[in-house]
Amino acid sequence: RIGKVACTFCVVIAAFSLAVTSVVTSFIQPMSSPNRSSIDPMINELRKNPCSGNIFNHYNVGGYLIWKYPEQKVYIDGRMPSWQYKGTKYMDNYLRVLSDPSFQKSEFQKYNITCAIMPKDSDLAHSLTAAGWSAYTPPQNDWVLLRLKK
């Protein structure tokens, strides 16, 4: 009897874990990980014309930016999904920036974000471009470097 209860509990926990993973993945995976040749031109552009503030970046490129361009602060990288501060998970804030324009504005002000590296077809890239941010997209590239115009 105890074995059946324990087994049922394990199945429920596994199903819950799968559901949470599916929800998080639905936000991250549609914007697939870039290959290095997609991001390197943006790093070269930033070296020539540095960002005046910090970078908001897609989750999938944070670690690569830290490795290749460590002198520039990024918003998120692969180590951060479990980070919490005062009961708020940093990953939740990242996902909220992607879906809530007023929260995005407050986070950009709070962290002095003046550049962004995102997939060029993302909602955030479109909204920043519509708000007047300049866009740099190398030829044959699905990613964009956006800059706040001064």
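Being a predicted model, the structure only gives us computed values, none of them experimental.

Engineer: Quick question: what am I supposed to make of the state of the cysteines here?
Structural biologist: Such a bond, covalent and formed between the sulfur atoms of two cysteines, is termed a disulfide. As enumerated under the stated definition, the model contains 1 disulfide in all. Note on cysteine connectivity: Cys-51 is disulfide-linked to Cys-115, with sulfurs 2.3 Å apart. The sign of the 120 degrees torsion about the S-S bond sets the Cys-51-Cys-115 disulfide as right-handed. One end of the pair, Cys-51, is in the loop between α2 (36-48) and β1 (54-57); the other, Cys-115, is in strand β4 (residues 113-119), with 64 residues separating them in the sequence. As far as burial versus exposure is concerned, Cys-51 and Cys-115 are alike and both buried.

Engineer: What should I look at first to understand the pattern of salt bridges in this one?
Structural biologist: Close approach of charged atoms lets side chains of opposite charge pair. Under the counting rule described, the total for this entry stands at 2 salt bridges. When the shortest N-O distance is used, the salt bridge between Glu-71 and Arg-47 registers 3.9 Å. Remark: Arg-47 occurs in helix α2 and Glu-71 occurs in the loop between α3 (62-68) and β2 (84-85); sequence separation between them is 24 residues. Taking relative accessible area as the criterion, Glu-71 reaches 55% and is therefore assigned exposed. On the accessibility criterion, Arg-47 (43% relative accessible area) is partly exposed.

Engineer: Honestly, the packing of aromatic side chains in this entry has me stumped. Any pointers?
Structural biologist: Centre distance and the angle of the planes are the two values used to describe a pair of aromatic rings. Summed over all chains, the structure comprises 8 aromatic pairs. Look at Tyr-75 and Tyr-111: their rings are 5.9 Å apart centre to centre, the planes differ by 85 degrees, and that puts the pair in the edge-to-face class. A residue pair is termed long-range when its members are at least 10 positions apart, and Tyr-75 in the loop between α3 and β2 and Tyr-111 in the loop between α5 (101-110) and β4 qualify at 36 residues. Among the residues examined, Tyr-75 registers a relative accessible area of 2% and is labelled buried. Here the aromatic residues Phe-56, Tyr-59, Tyr-75, Tyr-90, Tyr-94, Phe-108, Tyr-111 and Trp-133 are joined through ring pairs into a cluster of three or more. The ring of Trp-67 is capped by Lys-68, whose NZ or CZ atom sits 5.0 Å from the centre of that ring.

Engineer: Would you mind going over the packing of helix α4 (residues 90-99) against α5 with me for this structure?
Structural biologist: Describing two packed helices takes the angle between their axes plus the distance from one axis to the other. Look at α4 against α5: their axes get within 6 Å of each other, and the N-to-C directions meet at 120 degrees. Relative to α5, α4 is oriented oblique. Considering how the two elements wind past one another, α4 and α5 form a crossing that is left-handed. Residues Asn-93, Arg-96, Val-97 and Ser-99 of α4 form the contact with α5, whose own contacting residues are Pro-101, Phe-103, Gln-104, Glu-107 and Phe-108. Split by residue class, the contact of α4 with α5 holds 4 nonpolar, 3 polar and 2 charged.

Engineer: Just to check I follow, could you spell out the environment of Trp-83 for this structure?
Structural biologist: Note that Trp-83 resides in the loop between α3 and β2. We classify Trp-83 as partly exposed; its relative accessible area is 40%. With sequence-adjacent residues up to four places away left out, Trp-83 is seen in contact with Thr-88, Lys-89 and Tyr-90.

Engineer: Help me understand the pairing of β4, please; the structure alone is not making it clear to me.
Structural biologist: Each regular strand carries side chains that alternate between the two faces of the sheet. Burial analysis of β4 places 7 of its 7 residues in the buried class, the great majority of the element. Of the pairings in the sheet, the one linking β1 to β4 comprises 4 bridges and is parallel in character. Pairing of Asn-57 across the sheet is with Ile-117, part of β4. The sheet contact formed by β4 and strand β6 (residues 143-147) spans 5 bridges and is antiparallel. The partner of Pro-119 across the bridge, within β6, is Trp-143.

Here is what the cut-offs are and how they apply
Every chain begins its residue count from 1, and numbering advances along the sequence as written. With pLDDT at 70 or above as the cut-off, local features in this predicted model cover only qualifying residues; side-chain atom pairs require 80 or more to be listed or tallied, and sums for whole chains, interfaces and linings still use all residues. To obtain the side-chain values, all non-hydrogen atoms of the structure were included, while hydrogens and water were left out. The definition used for a disulfide is geometric: two cysteine sulfur atoms within 2.5 Å. The helix and strand labels rest on DSSP assignments: H or I over at least four residues marks a helix, E over at least two residues marks a strand, and numbering proceeds from the N terminus. Only protein chains enter the calculation, and the probe is 1.4 Å; a residue is then buried if its accessible area is under 20% of its type maximum, exposed if over 50%, and partly exposed in between. The salt bridge criterion pairs a side-chain nitrogen of Lys or Arg with a carboxyl oxygen of Asp or Glu, the two atoms within 4 Å. Two rings belonging to Phe, Tyr or Trp (six-membered ring only in the last case) form a pair when the distance between their centres is within 6.5 Å. Interplanar angles under 30 degrees mark stacking, angles over 60 mark edge-to-face geometry, and anything in between is tilted. Both a distance and an angle decide whether a charge sits over a ring: NZ of Lys or CZ of Arg must be within 6 Å of the ring centre and within 35 degrees of the ring normal. To obtain an axis, a line is fitted to C-alpha atoms, over the contacting stretch when the element is a helix, and the angle between two such axes runs from 0 to 180 degrees between their N-to-C directions. What sets the label is the angle itself: under 35 degrees gives roughly parallel, over 145 gives roughly antiparallel, 65 to 115 gives roughly perpendicular, and the rest give oblique. Take the far helix as your reference; a near helix turned counterclockwise from it by less than a right angle gives a left-handed crossing, and one turned clockwise gives a right-handed crossing. Residues count as neighbours in contact if any of their non-hydrogen atoms are within 4.5 Å of one another. Amino acids are sorted into nonpolar (Ala, Val, Leu, Ile, Met, Phe, Trp, Tyr, Cys and Pro), charged (Asp, Glu, Lys and Arg) and polar (every other residue, Gly among them). Note on pairing: two strands pair once DSSP finds at least 2 bridges between them.

In short, the description is geometric, and any link to function would need to be established separately.
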